[in-house]
Amino acid sequence: RGGQSIAAMKPVAPASRTIASPTGALYAAAVTALLIICCAQSVGFSVFNKYIFSGPLRTPIFVTATHQISCFLGAVLIWKSSPPWFYKRTPIRNSATWTKILLIPMAFTMNIGMNNLSLKFTTLALNQLIRSFAPVSIALTSFIIEGKTQSPAKAITLGALVAGVVMGVMASPDFQLLGFLICGGSVLGQSLGIVMTAFVMGGTSVKLHVFDVLLYATLPSIVILLPWSYSMGEFKILEESIEKEGFGTVLGLILAGGLLAFTYNLFTTVLIKMTSSVYYGVTGGFRCALAILISFYVFPQRVTVLSITGICIAMAAFMLNSFFTMREKLASQKAKKAIESDEITEKQRLLDEEDEPTVVVEDGRSTLGSRRGM
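Residues numbered from 1 in each chain as written. Predicted model: local features only at pLDDT ≥ 70, side-chain atom pairs only at ≥ 80, totals over all residues. Heavy atoms only, no water.

K.L.:
Before we go on, may I ask you to explain the packing of helix 3 (residues 60-81) against helix 11 (residues 247-274) in this structure?
P.N.:
Angle between the axes and distance between the axes: these two values describe a pair of packed helices. Direction vectors running N to C along helix 3 and helix 11 enclose 50 degrees, while the axes themselves pass 8 Å from each other. Between helix 3 and helix 11, the angle falls in the class oblique. Seen from above, helix 3 lies across helix 11 with right-handed handedness. Contacts between helix 3 and helix 11 involve F62, T66, H67, S70, C71, G74, A75 and I78 from the former and I254, G257, G258, A261, F262, N265 and L266 from the latter. Across the contact of helix 3 with helix 11, the residue classes break down as 8 nonpolar, 7 polar and no charged. (Axes fitted to C-alpha atoms, helices over the stretch in contact; angles between N-to-C directions. Helix = DSSP H or I, 4+ residues; strand = E, 2+ residues; numbered from the N terminus. Parallel < 35°, antiparallel > 145°, perpendicular 65-115°, else oblique. Left-handed = near helix turned anticlockwise from the far one by under 90°. Contact = heavy atoms within 4.5 Å. Nonpolar A, V, L, I, M, F, W, Y, C, P; charged D, E, K, R; others polar.)

K.L.:
Looking at this model, I keep getting lost on empty space enclosed by the protein. Mind explaining?
P.N.:
Any empty space left between atoms is shown by rolling a water-sized probe over those atoms. Counted by the stated rule, this structure contains 1 cavity of 30 Å³ or more. Taken as a whole, the largest cavity holds about 60 Å³ of empty space. Every residue along the wall of the largest cavity is listed here: T123, A125, L126, G168, S172, D174, F296, Q301, R302, V303, S307 and I311. Considered class by class, the residues forming the lining of the largest cavity number 5 nonpolar, 5 polar and 2 charged. (1 Å grid on protein atoms, 1.4 Å probe; cavity = no way out; pocket = protein on both sides within 12 Å on 5 of 7 lines; lining within 4 Å. Points joined across faces, edges and corners; volume = space filled by probe spheres on them.)

K.L.:
What am I meant to see in a nonpolar patch on the surface here?
P.N.:
There is a patch of nonpolar side chains on the surface, built from L293, F296, Y297, V298, V303 and I308 and spanning about 580 Å² of accessible area. A total of 4 residues in the nonpolar patch trace back to one element, the largest contributor, which is helix 13 (residues 284-298). The topology assignment puts Y297 in helix 13. (Patch = residues over 30% accessible without salt bridge, like charges linked within 9 Å, V, L, I, M, F, W, Y side chains within 5 Å. Areas by Shrake-Rupley, 256 points an atom, 1.4 Å probe, with all protein chains shown as cover. Salt bridge = Lys/Arg side-chain N within 4 Å of Asp/Glu carboxyl O.)

K.L.:
What exactly am I supposed to notice about the layout of surface pockets here?
P.N.:
Its boundaries defined by the atoms lining it, the second largest pocket holds a volume of some 210 Å³. Lining the second largest pocket, in full, are I130, F133, S137, V162, V165, V166, V169, M170, F180, G184, V187 and L188. Elements that contribute at least two residues to the lining of the second largest pocket include exactly helix 7 (152-170) and helix 8 (177-201). Per element, the largest residue contribution to the lining of the second largest pocket is 5 residues, and it comes from helix 7. Split into classes, the residues belonging to the lining of the second largest pocket amount to 10 nonpolar, 2 polar and no charged.

K.L.:
How do you make sense of helix 13 when you look at a structure like this?
P.N.:
Residues lying three or four places apart along an α-helix face the same way, a consequence of the helix completing one turn every 3.6 residues. Compared with an ideal rise of 1.5 Å per residue, which puts 15 residues at 21 Å, helix 13 spans 21 Å between its outermost C-alpha atoms and is within 8% of the ideal. All of the buried residues along helix 13 are G284, G285, R287, C288, A291, I292 and S295. End-on, the buried residues of helix 13 take up no more than an arc of 165 degrees, which puts them together on one face. (Expected span 1.5 Å × (residues − 1). Buried < 20%, exposed > 50% of the residue type's maximum accessible area, 1.4 Å probe, protein only. Arc of directions from axis to C-beta.)

K.L.:
Help me understand the confidence of the model for the chain, please; the structure alone is not making it clear to me.
P.N.:
Any residue range with low pLDDT should be treated as having predicted coordinates unsuitable for detailed reading. A residue-level look at the chain finds 78% of positions with pLDDT of 70 or above and a mean pLDDT of 79. Per-element averaging of pLDDT across the chain places helix 1 (residues 6-9) at the bottom with 35 and helix 10 (residues 234-245) at the top with 94. (pLDDT = per-residue confidence, 0-100.)

K.L.:
Sorry, what's going on with the nonpolar core here?
P.N.:
Buried together is how nonpolar side chains tend to be arranged in soluble globular proteins. Formed by 27 residues in total, the largest nonpolar core has its most connected members in I52, L57, I78, Y87 and F211. If you list the elements that add at least two residues to this core, you get helix 2 (22-54), helix 3, helix 9 (210-231) and helix 11. Looking at which element gives the most residues to this core, the answer is helix 2, with 6 residues. Setting aside chain neighbours within four positions, we find Y87 in contact with I78, W79, S82, H209, F211, D212 and L215. If you look at the next biggest cluster of nonpolar residues, it comprises 20 residues, including A134, A139, L158 and L161. (Core = buried A, V, L, I, M, F, W, Y, C linked by side-chain atoms within 4.5 Å.)

K.L.:
Explain the packing of helix 5 (residues 124-131) against helix 7 here, please?
P.N.:
Contact geometry of helix 5 with helix 7 gives a least axis separation of 9 Å together with a crossing angle of 160 degrees. In this view, helix 5 runs roughly antiparallel relative to helix 7, as classed from their interaxial angle. The handedness of the crossing between helix 5 and helix 7 is left-handed. Of helix 7, the residues touching helix 5 (which contributes L126, L129 and I130) are V165, G168 and V169. A per-class count over the contact of helix 5 with helix 7 returns 5 nonpolar, 1 polar and no charged.

K.L.:
For this particular structure, what's the right way to read the pattern of salt bridges?
P.N.:
Any two side chains of opposite charge can pair, on the condition that their charged atoms come close. Taken as a whole and assessed by the stated rule, the structure comprises 1 salt bridge. Salt-bridge contacts for D174 lead to R302; the nearest nitrogen and oxygen are separated by 3.0 Å. Here D174 is found in the loop between helix 7 and helix 8, whereas its partner R302 is found in the loop between helix 13 and helix 14 (305-354), with 128 residues between them in sequence.

K.L.:
Can you help me understand the packing of aromatic side chains in this one?
P.N.:
For any pair of aromatic rings, the description consists of the separation of the ring centres together with the inter-plane angle of the planes. On inspection of all chains with the given rule, the structure shows 8 aromatic pairs. Look at F62 and F235: their rings are 5.8 Å apart centre to centre, the planes differ by 80 degrees, and that puts the pair in the edge-to-face class. Of this pair, F62 sits in helix 3 while F235 is found in helix 10, placing the two residues 173 residues apart along the sequence. Given the relative accessible area of 32%, F235 is considered partly exposed. Relative to F262, the ring of F211 lies with its centre 6.3 Å away and its plane at 40 degrees, an arrangement referred to as tilted. Pair noted here: F211 is in helix 9 and F262 is in helix 11, with a separation of 51 residues, a long-range link. On the accessibility criterion, F211 (0% relative accessible area) is buried. (Phe/Tyr/Trp six-rings, centres within 6.5 Å; stacked < 30°, edge-to-face > 60°.)

Here it is in structure tokens:
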């Protein structure tokens, strides 16, 4: 024990993880496949929601509630059947965690609920363009609430993002004020949820798994969404959709949406476990740009040269902002690991000093011992 440091005792990552080895190549292929699946599901889910909310099932709030039910049931299934290394439920033992959980349904209702509702009144391209404004909204909200400032590089990308979004939205022939306001409200809800959660939690370190959030926060979200859906007359619209489209068709659309919602969370979780949430986050700009591009092939949408220019500026700024955010987070993680490594080295130095052999003289006789035994 005295001759082996703690750092040397730590498990070393196997060589098979390197890209040069066959197993490393398989790992890279798996990550690439998962990334493609997650991006495809993200874009496909947006297209699917726009399709049903504009036609056969114009009940976005009710459908959002059914998505939450599917996610809850799927999370229960994962909780009961998955091995501990994949998911182990986090018990809730303090008020700070409960506060965070109670914030999630309110933020979700504004964020996802209003986003889905906006799809009834605006095109998918404008919806995604407005949603790309989220980094600016989060930066402004965090500055007002927490006094947090942005680096010069990120500030420049945020300014370009504002210019691109304004140009793309205002120059679009499909612009509708109601859809813009509802989608803008969803972006504000997303920002408030992220910033207020961090503000309320303070320095408390609480790590909730994605499936923890689905287990604890989906049912409160349903309690908010269903009365909201009823107050908007969506139950009556649902009855009309069943009469027009048929019960089987409506049920199939609801089940398909629920399956998409849960599997998207599932595949995203697997991808983040294999890589990092930081790397996944940087794909947001690509997913948004892809959804905008595909929307012009799927739905009847009008566009001008100025609006296309605005979209391109906004997407480029979004991707650059994601890159700078990733770089900052990676630097922060590296600094944290360096501090932890220094602490481990210092602890090992103290242990080595305690284990150093010493000579103790008693009654004219010398005895070999250690400082720990003294």
